[in-house]
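Structural characterization, general
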Amino acid sequence: MQTYSFEQVYDSVLGEAIGDYRLPDVEDAFADGSFCATQYEIMWEAYVRLSNGGDNPDLEIIRNTLSAIQRELCRRMYEYGAQFGNK
């Protein structure tokens, strides 16, 4: 059985993996028309509306920290899946 790293699975789910690095059996959660793509579009439109009031670096900080939290939670879920799936 082939094993993959968290980064390879996570990058494939986000649609950021390219070429041989992308896992063909992992669905891109941000593919056109997907739930995540729709939610991201809604978020991006809100971000644009907020940022039109002037340059606000706090908006970028909020986005980056939420992304970092998401990545950590996903890493833990991946590790738990590997741990419990092998039992």
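What this report covers is the structure whose coordinates are included nearby.

1. Thoughts on the overall build of the chain
Counting its regular elements, the chain contains three helices and zero strands. Helices (α) and strands (β) of the chain occur, in sequence order from the N terminus, as α-α-α. Taking 87 residues into account, the globule formula puts the C-alpha radius of gyration at 12 Å, and the chain, at 16 Å, lies well above it. Counting every position in the chain, which comprises 87 residues, the buried fraction comes to 15%. Sequence-distant contacts in the chain: of pairs separated by 6 or more residues, those separated by 24 or more amount to 31%.

2. Notes on the pattern of salt bridges
One pass over the structure, following the stated rule, counts three salt bridges. Between Arg63 and Glu60 there is a salt bridge, with its nearest N and O atoms 3.1 Å apart. Here Glu60 and Arg63 lie together in helix α3 (residues 57-85), a separation of three residues that amounts to about one turn. On the basis of relative accessible area, Arg63 is assigned to the partly exposed category, the value being 31%. Residue class for Glu60 comes out partly exposed when judged on its relative accessible area of 30%. Close ionic contact of Glu72 with Arg76 constitutes a salt bridge, the shortest N to O distance being 2.8 Å. A residue pair is termed a helical-turn pair when its members lie 3 or 4 positions apart in one helix, as Glu72 and Arg76 do in helix α3 at four residues. According to the relative accessible area criterion, Arg76 is partly exposed, its value standing at 47%.

3. As for the packing of helix α1 (residues 6-14) against α3
It is the contact of α1 with α3, at a shortest axis distance of 10 Å, that shows an interaxial angle of 125°. Here α1 lies oblique to α3, going by the angle between them. When you trace α1 past α3, the crossing you get is right-handed. When α1 is examined against α3, the residues Phe6, Glu7, Val9, Tyr10, Asp11 and Leu14 are found in contact with a partner set consisting of Ser67, Gln70, Arg71, Cys74, Arg75 and Tyr78. By residue class, the composition of the contact of α1 with α3 is six nonpolar, two polar and four charged.

4. Notes on α1
Among the residues of α1, those classed as buried are Phe6, Gln8, Tyr10, Asp11, Ser12 and Leu14. Those residues of α1 that are buried are in contact with α3. Two residues or fewer after α1 comes Gly15, characterised by a positive phi angle close to 80°.

5. A look at the state of the cysteines
Applying the stated criterion across every chain, the model contains zero disulfides. For the unlinked cysteine Cys36, the closest cysteine sulfur is that of Cys74, found at 9.6 Å. Classification of Cys74 as partly exposed rests on a relative accessible area of 30%.

Cut-offs used in this document
Residues numbered from 1 in each chain as written. Predicted model: local features only at pLDDT ≥ 70, side-chain atom pairs only at ≥ 80, totals over all residues. Heavy atoms only, no water. Helix = DSSP H or I, 4+ residues; strand = E, 2+ residues; numbered from the N terminus. Rg over C-alpha atoms; globule rule 2.2 N^0.38 Å. Buried < 20%, exposed > 50% of the residue type's maximum accessible area, 1.4 Å probe, protein only. Contact = heavy atoms within 4.5 Å. Salt bridge = Lys/Arg side-chain N within 4 Å of Asp/Glu carboxyl O. Axes fitted to C-alpha atoms, helices over the stretch in contact; angles between N-to-C directions. Parallel < 35°, antiparallel > 145°, perpendicular 65-115°, else oblique. Left-handed = near helix turned anticlockwise from the far one by under 90°. Nonpolar A, V, L, I, M, F, W, Y, C, P; charged D, E, K, R; others polar. Disulfide = S-S within 2.5 Å.

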